[in-house]
Each structure stands twice: as structure tokens, then as C-alpha cells.
Amino acid sequence: MQRPLYMTILGMFCSLAILLTISPAPAAEPEWVTVAGPRCPLIRKQFTIDAEPTKAVVRIVGLGHFQLRVNGRKVGDAAIRQPWSQYNKTIYYEELDVTSLLHKGTNAVGVMLGNSFWVNPPAPKGRYHKEGAETDFGQPFLLWVDADIKTADGRHTRLGADASWKTADGPITFSHLYAGEDYDARLEQPGWDAPGFDDHAWTTVATAAPPAAKLEKQSWPPIREQEVFPARQIVPSRPGAFHAFFAQNASGMVRFTVEGKAGQSFTVQPSEYRTDAGEFMKPLWGAPVLCRYTLKGGQPEKHQWLFFYHGFQAVEIVGAVAAGQPNPDGLPVIRRLELVHTRTDLPEVGQFRTSSLLYNDTHRLIDWAVRSNMSYVMTDCPHREKLGWLDCWLLAPTYNYRYDCRDWLAKVAHDIRDAQEPSGRILTVAPSYPGTRFPGPFHWTPEWGAAGVMLPWHHYVWYGDPSILRDNYDCMKRFVDFVASTSKDGIAPAGLGDWCDYGHGKPPGQSYFTPTDLTATAVQVMCIDAVTRAAEVLGRTDDVTRYRALRETTAAAYLNRFYDAKRHVFTNHGSCQCANAISLEAGLVPDNDKKAVVDAIVADLAARGWQQTPGDVGHVFFIRALARNGRSDVLHHVYSRDGVGSYGGILQKGLTAMPETWDAMNDGYQSQNHAMLGHVIEWFYGYVAGIRQQPGSVGWKRVLIAPEPRPLTEATASVTSPAGRIVSRWRVVDGKFHLDAEIPSGVTAELVLPDGVRKAVGPGHHTLESGR
């Protein structure tokens, strides 16, 4: 029976009504909102959800740093959120699942903001700031929130920041990336981040124009809390002050529990220095870094720095006493005191252990400097600098052997191409802010700018993904072209060179042994080769031809200027180690001369009692040149030493992280947490354990396990490569060498024993044995 027309029309209207009920019109686009400051603001929004939420995702940008809270609880476990970036080009947002924190009915979202490189003014008088790192990208605080909430009835509700959100000053009264953080607990507003809070006295935020930068999703882990080190030594220093020492020098935050009266306050000054007698030593590189805490009183108060971290192993506390100490003036009493290590939470992928306690301790020493400089950029030190100095590319394999850096290093490469100048020049620091304009070669030097070429190429070889080359190819080409255009007679412009080379008896810094135009030109040749190979991968045949020709003319100029073919040494001022090694690794040594050039390095080492002389740039090429030319026996001599100028000597001084200089200068200026001379990690995994890629392999599809054992008796190492977990275990028993290897699916390998026995294998567990 046919339905009457009026029933059909009525049914259509009912269906439309239902559709309008379960699919409301989309909300307006979220706006950027701002608060003028100067105090760090609290921002909140109360809202209602009509049905039980089944999925809720928040996308958020909080500049400078932010903490997101929903219904009275912190979202996630990150310690500091909001990546540093080239803010005028790229701003990253985080995508956070908040489903479990929401419920049907009234909800509230709260955001606390703090300072970062977004706006980094000079610090007030009497507090430290890094001169040359000042920035100002506009409003001191900027927030963008876009939440999508799906409920059980199928609806999607969109919640975005707009002019209806409300704000008030928070308890952080001072926030500075370098100078510290002040917190007044009396200014806390309990419940401000929960529904039902009385915010009638709060003001509304102001809307702001969107930044010109492109928004991109953060793809790598945030900074999170890691190991916790309680104070293990408390030393009263003077009335109302004491020093506390922790077991580790690390990047981190101070956490404490304190009791006292409302309005009482104390300061915390962190330091990484101790005198030779073990006493607290204040840094001498600037005004103090200070964090002040003011008590609300009445009960024990637990607090941890919120938006500030620092590299330190000790603190001076003024205005409080440690529990159990005399307290005639009734000062606040600190019941608990901890160093909470923080770093970008990159997964660990490598493990290394040998029969040598010195090698094991060296691995640990360097690893603490590596992890302490894993921030939103690869910093060179976690205290006075916190900048992305671009000699980082020289450490990329060291980081990769220990941690999964795929997305993090891709972000570093993104920073570099964002910071590249229109001319093609890449400065020494990326992100490169208006304030990061340092004098002379500290501003621009080829060996640092080369990161824009060499880091993407290394990333491709290690991880096997050509997208890193597609993303960075234009940057790579333009840098090589810029250096070529500023070269004179094929020789690249001189810069910092082999910074902090050693053994000349002069203060650390500029390269003394190796001409700076030599290292600049050798690195330019490496960059030309990387661009040529990237062009081959990407099918840019015209570029292959052009850059091969550029390489030929540059190499000829280099040999003509720097090579003494009769003596088989490259130009140097007293030690050929860096000059010869970097020439070998750049492929600039005639084939028939390679052995003699290597022998010259060995002779220089032997004459110095196996003291290495290369610095930040040359050291990694020194290792590779000797290892790849069959002289790991020499490297065992070098790295088994103790005394001044060696890893063993650094450990003998009691340091717990790799310092800035080979002799571990304890002068209050040189960093005691600096990864830049830690390249031996690459040799530990690649040659002592023997785990490395075969020549020409990409993405760890073809592996070589070829240990170099002497003088050790056993070693175990594993690396979870992009192709899977690779294991090398070897031991020497009764003069016989035993090797156990594990190869993942889809990978082929060659096992090579010290006596030259070789065996090609596929996936699985394999054993091989021979005379040593």
C-alpha cells in the first residue's frame, strides 16, 4: 500500500530534525589568544558535555612553554611542553588524548604558561642570561587550543580557544630560560583547573593575530622525567645556607619538600662545579642562576621546577636549613631534596659492555652528556648555552647507537633548513634567532653549517628513508653552492676549524694544530659528495654531473694547497692527526699514499705517548680514519690511557659526565657536561663490538659484525637498528675467539673474526670460532 504524500513529507522532516540533533553545526575555528604578562598566566575554560565522551583529542600550542590540565589533573607525563623551533617559520603543536579525563556534564580545561625562546629577554640585573640569545617573537604568551570531543551519541563537539576564555596571574612570578624560575605558593588558586571554580574576578583573554609560521604536529617524544637522584651529601656553609650534592651531573629539575611559615622564602642556585677538594663551586660564566620559592605555610609543601631545567650536580640553598640541622632563626626546613633528570624521552636502542672497566665507565661518562643534551634541540651544554650548535652532526652516530633519534634528528634538520639564509648560508646555531648573532666565526663557519647537508645524509644512510633527502635536498644544494661561491681558488672560507684541539699547551678554543681553511675545505668536499649521492638517490642526474665536477676542482685545489706528497702529511702546525685524518675521511688522499698518511698519524701519536690531539671537529675523523684503515689496535692504545688528556683521566677526576675539554678544566667556565668529544661511542659499538653497516648499505639491510678485541677478553653489545635488533657477543677463552651474533629478519650479514675468517649469514643466531 502506497504511503500518503503527507506521511512521506513528515518523515523527511523528522529525519532532518534527528540529523540536526546529532550533528550540530561545526564550531568556529579556534583563535589564538594572548595574555600580556609579565607574570606567567593561568588560563581556563569551563564547558559542558551532554553525553559520555568516547574519544577526545586536544591539539595545543602554548608559547613559550605550557602545562595542560583537565578537571584538576595534569595531562600526560611530559616535564616541559612546547618545542623550541624557528618560530617565524614553524611552530609545533602537540596532539594529546584527554578522553579519560573528561565526563558527561561540566568540565574545565586549564593551561599554565611559562617563558622559553619564544620571548627571551635579557634577565634582570643579578641573574644570568646568555648574551646573544635574546629573542622576541611578539606577545609574551600565546595560546591555541583545538579540541575534538566525540560522545556516545555520535556527536562531535569542538572546543577552541577564543575570547571567552578567562585568565589570571599564576604563582610563577618569574620565568626565564637561563636565569631561573620564582614560585610564590601563596598565589596558588586551588581548583582553578577544575569545574565549579569561582573565576568571576578573572579577566578574559585577548585574541591575537595568528603567527605567520606553519603549524606542524610534534612527531618525537616530549621532555620527560627520568632518573631521580636524592641529595646524598648535605654540607652547611654559613648560617642560613647549605650545599647539597647529588650522585650525578645531569640536566634536570630540583624537587623538594619544605615546611615553614607563610611568606618565608629561599633560593636555590644550581652548579655543576666542585672544587678539587669536593666543595661547592659557583659558576663563573655569568651572574647567578637562581630559583626562588616562597612558602604558603601551614603544612609540608612539595614543589618541582615547572618550566625551567638546568645542568647541575649540586645546589646552594640560602634562606633554609636541611632537616636535622640547627635552626635558631626558625628558617624553612627542607625535608627532602632531589635532582630529577629530564631529557627528550628518546627510546634506548643500544647497550654496550666489555671486560674493560675503563671502557664501560667511559661509555657511561659520555652517555650522561649525550642524554643531558637531548632537549628540543641537540644542545652543546644544558646550562649556560641550551642552543642548537650545529657541530651536532658529528655526533649523530653516537646518538643513534644509543637512542632512536629518527624523528628527533629530522626535527633538527627541519630547524636547520628553516634557519638557512636566502643566500644558502647556514649559521652556527639553529634555530637561529634574531639575538643569536655572535662575533666572527662563532656566527658562521663552514664546519658547523655543514650540518644542513651531512645530517640529512647520515639520517638517510642510518634509517633508510629517502624522504629526509627530498625534504632537505634544496637546503643541501644551496649550502654547498654558497660555500663554493665564497671560496677562493677552491679553498673554503676559514672559520672555527678544529675547535678545542689539544696538546699544544694553550688555552682551549681556536684550532692551533690544523689550519681552519683546511678543515673547512675538507668538510665542503664531504658535503659535495653527500649532495652528489643524494642526487643519485633522487634521480637528479644533471646535479650528479654538476657536483662531480665541483668535487674534482675542489679536491685538486685542496691537494695543491695542503698536501706534502713527499712527507705524506697535510699542512699542520705541530700535529698532523686532524689534518691527515679528515683528509682520509674526505677521500682526498691518493690511494697509493693512504698507508703512509695513516702511518704519519700513528707516528705522531707514538711520539706523544698515544695522546690524541684532535678537537670537536677532528676527533670523529681521527677515529674513523684509523678504524677504517685497520688500526683499531692504535685506538685501543689511545683510549686505554689514563692521566691528563684522556677519558681515563677525566674519570680519575671524579666527573660523572663528559666535559668540554680533554683535560677536564675545572675553572668555573668550561662546561662539565658536554658531549662534543664523545665520538668514541661510535667506535665502541662499530668496531670493539663490531656492529656496523657494510659499505654502501642503507637502513641496516646489510650488516658487518667484525670485532676488534685487543686487549679485551669479552664484549657484549646490541643495537635495535631500523631493520631490527642486532647482537654481538664475543669472548676469548684459552686463546680462541668465540663470536655469537643475532641477525634480524630481512637482513644479511657478514661475520669477520680477528684472524680474518669470514662467514656470510642470514637472519637468526650464529656462532663462529677461531684462533685469536
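Here the structure is shown first, and the text comes after it.
I will try to describe carefully the structure that is included in this document. Quick caveat: nothing in here was measured; it's all calculated off a predicted structure.

**Some thoughts on the overall build of the protein**
Part 1: Counting its secondary structure elements, the protein contains 15 helices and 40 strands.
Part 2: Referenced to the eigenvectors of the C-alpha coordinate spread, the extents of the protein come out at roughly 95 × 95 × 60 Å.
Part 3: Out of the 772 residues in the protein, the part that is buried amounts to 60%.
Part 4: Of the contacts made within the protein by residues no fewer than 6 positions apart, 74% connect residues no fewer than 24 positions apart.
Part 5: Carbon and sulfur atoms provide 51% of the accessible area of the protein, an area that totals close to 29,200 Å².

**Quick word on the sheet that holds strand 2 (residues 41-49)**
Part 1: Here we have six strands laid out as an open sheet, ordered 5-4-8-2-13-16, and antiparallel in their pairing. Two strands bound the open sheet, and with one partner strand each, they are strand 5 (73-74) and strand 16 (203-204).
Part 2: For strand 2 and strand 13 (residues 166-169), the ladder comprises four bridges, and the chain directions are antiparallel. Bridge pairing links Leu 42 to Ala 168 in strand 13.

**Side note on the side chain of His 129**
Part 1: Along the chain, the position of His 129 falls in the loop between strand 9 (119-120) and strand 10 (135-136).
Part 2: In this structure the side chain of His 129 is engaged in a polar contact, spanning 3.1 Å, whose partner is the side chain of Glu 134.
Part 3: Setting aside chain neighbours within four positions, we find His 129 in contact with Pro 122, Ala 123, Glu 134, His 176 and Tyr 178.

**Thoughts on the packing of helix 6 (residues 451-463) against helix 7 (residues 467-486)**
Part 1: The N-to-C vectors of helix 6 and helix 7 enclose an angle of 150°; their axes lie 8 Å apart at closest approach. With respect to helix 7, the element helix 6 is oriented roughly antiparallel. Taken as a pair, helix 6 and helix 7 cross one another with a handedness that is left-handed. From helix 6, Gly 452, Val 453, Pro 456, Trp 457, His 459 and Tyr 460 reach across to helix 7, where they touch Ile 468, Leu 469, Asn 472, Cys 475, Met 476, Phe 479 and Val 480.

**Here's the deal with the pattern of salt bridges**
Part 1: Summed over all chains, the structure comprises 51 salt bridges.
Part 2: For Asp 345, the salt bridge goes to Arg 224, with nearest N and O atoms at 3.0 Å. Note that Asp 345 is positioned in the loop between strand 29 (333-344) and strand 30 (350-354) and Arg 224 in strand 19 (residues 223-230), a separation of 121 residues in sequence.
Part 3: Salt bridges here are not isolated pairs; linked through shared partners, they connect Glu 227, Glu 348, Asp 367, Arg 371 and Arg 402.

**A word on helix 7**
Part 1: Between its terminal C-alpha atoms helix 7 stretches 30 Å, which fits the 28 Å expected from 20 residues at 1.5 Å a residue.
Part 2: Within helix 7, the axis deviates most sharply at Tyr 473, by approximately 55°.
Part 3: Among all positions of helix 7, only Ile 468, Leu 469, Asn 472, Tyr 473, Cys 475, Met 476, Lys 477, Phe 479, Val 480, Phe 482 and Val 483 are buried.
Part 4: The elements touched by buried residues of helix 7 are helix 4 (406-419), helix 5 (446-449), helix 6, helix 8 (516-538) and helix 9 (541-562).

**Considering the sheet that holds strand 39 (residues 758-761)**
Part 1: The strand order across the open sheet formed by four strands is 33-34-38-39, and the pairing between neighbours is mixed. Two strands bound the open sheet, and with one partner strand each, they are strand 33 (691-693) and strand 39. Taken over all neighbouring pairs, the strand axes of this sheet differ in orientation by 25° on average, direction set aside.
Part 2: Sheet analysis places strand 33 next to strand 34 (residues 702-705), joined by three bridges and oriented antiparallel. The residue of strand 34 that forms the bridge with Arg 692 is Leu 704.

**Let's talk about the packing of helix 7 against helix 9**
Part 1: With their axes 12 Å apart at the nearest point, helix 7 and helix 9 run at an angle of 30° to one another. Relative to helix 9, the element helix 7 is oriented roughly parallel. Handedness of the crossing formed by helix 7 with helix 9: left-handed. Residues Tyr 473, Lys 477, Val 480, Asp 481 and Ala 484 of helix 7 form the contact with helix 9, whose participating residues are Asp 543, Arg 546, Tyr 547 and Leu 550.
Part 2: The residue makeup of the contact of helix 7 with helix 9, split by class, is five nonpolar, no polar and four charged.

**Points about the pairing of strand 7 (residues 90-97)**
Part 1: Where burial is concerned, most of strand 7 is hidden: six out of the eight residues are buried.
Part 2: With four bridges connecting them, strand 3 (residues 53-63) and strand 7 associate as antiparallel partners. Across the sheet, residue Val 57 finds its bridge partner in strand 7, namely Asp 97.
Part 3: In this sheet, strand 18 (residues 214-217) lies alongside strand 7 in parallel orientation, the contact comprising four bridges. Paired with Ile 91 across the bridge in strand 18 is Leu 215.

**Quick notes on the packing of aromatic side chains**
Part 1: All told, the structure shown has 46 aromatic pairs when counted by the stated rule.
Part 2: One aromatic cluster is present, formed by Phe 352, Tyr 359, Tyr 401, Trp 462, Tyr 639, Tyr 647, Trp 662, Trp 683, Phe 684, Tyr 685 and Trp 700 through successive ring pairs.
Part 3: The ring of Phe 245 carries the charged tip of Arg 274 above its face, separated from the ring centre by 3.8 Å.
Part 4: One residue, Arg 371, lies across the ring of Trp 368, its end atom 4.6 Å from the ring centre.

**Here we look at the side chain of Ser 632**
Part 1: Topologically, Ser 632 is positioned in helix 13 (residues 632-639).
Part 2: Setting aside its immediate chain neighbours within four residues, Ser 632 contacts Leu 626, Ala 627, Trp 683, Tyr 687 and Glu 708.

**Looking at the environment of Ile 172**
Part 1: Mapping Ile 172 onto the fold places it in strand 14 (residues 172-176).
Part 2: Since its relative accessible area comes to 0%, Ile 172 is described here as buried.
Part 3: Through-space distance from the C-alpha of Ile 172 to that of Ala 51 is 36 Å; in sequence the pair is 121 residues apart.
Part 4: With residues near it in sequence (within four places) discarded, Ile 172 still touches Arg 39, Cys 40, Met 112, Glu 181, Asp 182, Tyr 183, Leu 306 and Phe 307.

Analysis parameters
Residues numbered from 1 in each chain as written. Predicted model: local features only at pLDDT ≥ 70, side-chain atom pairs only at ≥ 80, totals over all residues. Heavy atoms only, no water. Helix = DSSP H or I, 4+ residues; strand = E, 2+ residues; numbered from the N terminus. Buried < 20%, exposed > 50% of the residue type's maximum accessible area, 1.4 Å probe, protein only. Contact = heavy atoms within 4.5 Å. Areas by Shrake-Rupley, 256 points an atom, 1.4 Å probe, with all protein chains shown as cover. Pairing = 2+ DSSP bridges. Polar contact = N/O pair within 3.5 Å; in protein donor to acceptor, adjacent residues only side chain to side chain. Axes fitted to C-alpha atoms, helices over the stretch in contact; angles between N-to-C directions. Parallel < 35°, antiparallel > 145°, perpendicular 65-115°, else oblique. Left-handed = near helix turned anticlockwise from the far one by under 90°. Salt bridge = Lys/Arg side-chain N within 4 Å of Asp/Glu carboxyl O. Expected span 1.5 Å × (residues − 1). Bend = angle between axes of the 7 residues up to and from the residue. Nonpolar A, V, L, I, M, F, W, Y, C, P; charged D, E, K, R; others polar. Phe/Tyr/Trp six-rings, centres within 6.5 Å; stacked < 30°, edge-to-face > 60°. Lys NZ or Arg CZ within 6 Å of the ring centre and 35° of its normal.

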